[in-house]
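Analysis of the macromolecular model
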Amino acid sequence: MAQLLQFIPGPIDFICGAVAVSCDYLSDFARIMFDAKERYLLYRSKLEAYLLPEIHDPWPRHAANSGPNMALKKGAYIKIGGMPALGCLEDSALHQRAVYYGLKIRHAPGIEVETSARLQSRVARGFGNELQFWSALDDESFIYAVEGLKKMQVRLKAFTLVKSAYLSKNPVKMEEIASLLKLPKPAVFSLFNAYPNYRAMNQRLFTVLEKHRLWQKAYPNKSVLEANAELEGFFAEIPSTESNFSAKAPIHIPAG
């Protein structure tokens, strides 16, 4: 509680704490996949902090936006209309709503809770559902596909241009953004006019790109293990004065 209270006087509206997961009951394959995914999210969060930094959410930070460890100021909760009325993934929807309304969000690694790696999910798309899938599969030929380093770099370059466009209130960069992301120019201009801030537009772009065939063809996803190796190599080449990355940082990694 004391760690949460430190944010009360400051400008942070929404605190996302880290979630450590006990993997004692997972199969060997499920544990490999879970560890690989968590490490990937850690690296991705680091790359985002390095290429698209946010003053209110600096590194070290984590990638968790989940219900077991969230806190909002009362005014912020009222501003965004409270918790979305959904049967599942309402915590993710709450975070997305906070981004849309321009709340200042901090992914605080020093605030951590532990949860179990439960295999019996209470909802069809819950946390346990993915773990159950990996446990039942137990097949090393399975590929968990994610963005590779180059794909993330291009996307984040475009997202940086989006940020610049909003801060300057000038859509002149929309054509370059469309070219980078393989999107039609009218669609990008439409998003710029529809969304209230650059974080909201980038959040929407991320969702659009997941199903955009030209983008996926230009930059196919790759194995999470391959992506982790690329990201690890990228950070290894960054001078220590520019990067304080540590794989031991307490950032949403498995407990134990």
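Residues numbered from 1 in each chain as written. Predicted model: local features only at pLDDT ≥ 70, side-chain atom pairs only at ≥ 80, totals over all residues. Heavy atoms only, no water.

1. What to know about the packing of helix H7 (residues 174-181) against helix H8 (residues 185-194)
H8 packs onto H7 with a crossing angle of 120 degrees between their chain directions and a minimal axis gap of 9 Å. It follows from the interaxial angle that H7 and H8 lie oblique. Between H7 and H8 lies a crossing whose hand is right-handed. Contact residues: Met-174, Glu-175, Ile-177 and Ala-178 in H7; Lys-185, Val-188, Phe-189 and Phe-192 in H8. In the contact of H7 with H8, the residues fall into 6 nonpolar, no polar and 2 charged. (Axes fitted to C-alpha atoms, helices over the stretch in contact; angles between N-to-C directions. Helix = DSSP H or I, 4+ residues; strand = E, 2+ residues; numbered from the N terminus. Parallel < 35°, antiparallel > 145°, perpendicular 65-115°, else oblique. Left-handed = near helix turned anticlockwise from the far one by under 90°. Contact = heavy atoms within 4.5 Å. Nonpolar A, V, L, I, M, F, W, Y, C, P; charged D, E, K, R; others polar.)

2. A look at helix H9 (residues 198-210)
Helical geometry: 3.6 residues make up each α-helical turn, so side chains three or four residues apart lie on a common side. Between its first and last C-alpha, H9 extends 18 Å over 13 residues, near the 18 Å set by a 1.5 Å rise per residue. Here H9 has its buried residues at Tyr-198, Ala-200, Met-201, Asn-202, Leu-205 and Leu-209. Buried positions along H9 lie against helix H4 (90-100), helix H6 (149-168), H7, H8 and helix H10 (213-218). A side-chain oxygen of the first residue of H9 lies 3.1 Å from the backbone nitrogen of Arg-199; this N-cap is Asn-197. (Expected span 1.5 Å × (residues − 1). Buried < 20%, exposed > 50% of the residue type's maximum accessible area, 1.4 Å probe, protein only. Polar contact = N/O pair within 3.5 Å; in protein donor to acceptor, adjacent residues only side chain to side chain.)

3. Side note on the pairing of strand E1 (residues 14-22)
With 9 of 9 residues buried, E1 lies mostly within the body of the structure. Sheet topology places E1 next to strand E2 (residues 70-72); 3 bridges connect them, and they run antiparallel. Residue Ile-15 lies in a different strand from E2, and its bridge partner there is Ala-71. (Pairing = 2+ DSSP bridges.)

4. Details of unusual backbone geometry
Trp-59 connects to Pro-60 through a cis peptide bond whose omega is 5 degrees. The phi torsion at Lys-169 lies on the positive side, around 55 degrees, for a residue other than glycine. If you trace the backbone, Lys-169 turns up in the loop between H6 and H7. Accessibility expressed as a relative area gives 75% for Lys-169, which makes it exposed. The residue Lys-182 is not glycine, and still its phi comes out positive at about 60 degrees. Within the fold, Lys-182 resides in the loop between H7 and H8.

5. As for the side chain of Lys-163
Mapped onto the fold, Lys-163 is located in helix H6. No salt bridge is formed by the buried Lys-163, whose closest oppositely charged neighbour, Glu-54, lies at an N-O distance of 4.2 Å. If we skip the residues at most four places from it in the chain, Lys-163 touches Leu-52, Pro-53, Glu-54 and Tyr-198. (Lys, Arg positive; Asp, Glu negative; His and termini not counted. Salt bridge = Lys/Arg side-chain N within 4 Å of Asp/Glu carboxyl O.)

6. A look at H7
Burial in H7 covers these residues: Met-174, Ile-177, Ala-178, Leu-180 and Leu-181. Viewed along the axis of H7, the buried residues span an arc of 165 degrees, placing them on a single side of the element. Looking at the buried side of H7, the elements it contacts are H6, H8, H9 and H10. One or two residues past the end of H7 sits Lys-182, with phi positive at roughly 60 degrees. (Arc of directions from axis to C-beta.)

7. A look at the nonpolar core
With 50 residues, the main nonpolar core has Tyr-40, Leu-47, Ile-177, Leu-181, Met-201 and Leu-205 as its most contacted residues. Taken together, the elements giving at least two residues each to this core come down to E1, helix H2 (28-51), helix H5 (127-137), H6, H7, H8, H9 and helix H11 (224-236). For this core, the element with the most residues is H6, which contributes 10 residues. Discounting chain neighbours no more than four positions away, the residues touching Met-201 are Val-162, Tyr-166, Met-174, Val-188, Leu-191, Phe-192 and Tyr-195. The next biggest cluster of nonpolar side chains, apart from the first, holds 9 residues, and it includes Cys-16, Ala-98, Val-99 and Leu-103. (Core = buried A, V, L, I, M, F, W, Y, C linked by side-chain atoms within 4.5 Å.)

8. A short note on the pattern of salt bridges
A side chain with one charge can pair with a side chain of the opposite charge if their charged atoms come near. Scanning the entire structure with this criterion turns up 9 salt bridges. Across the salt bridge formed by Glu-230 and Lys-222, the nearest N and O atoms sit 2.6 Å from each other. For Glu-230, a relative accessible area of 24% translates into the label partly exposed. What makes Lys-222 partly exposed here is its relative accessible area of 22%. Each of Arg-44, Glu-48, Asp-57, Arg-61 and Arg-106 takes part in salt bridges that share partners, so that together they form one network.

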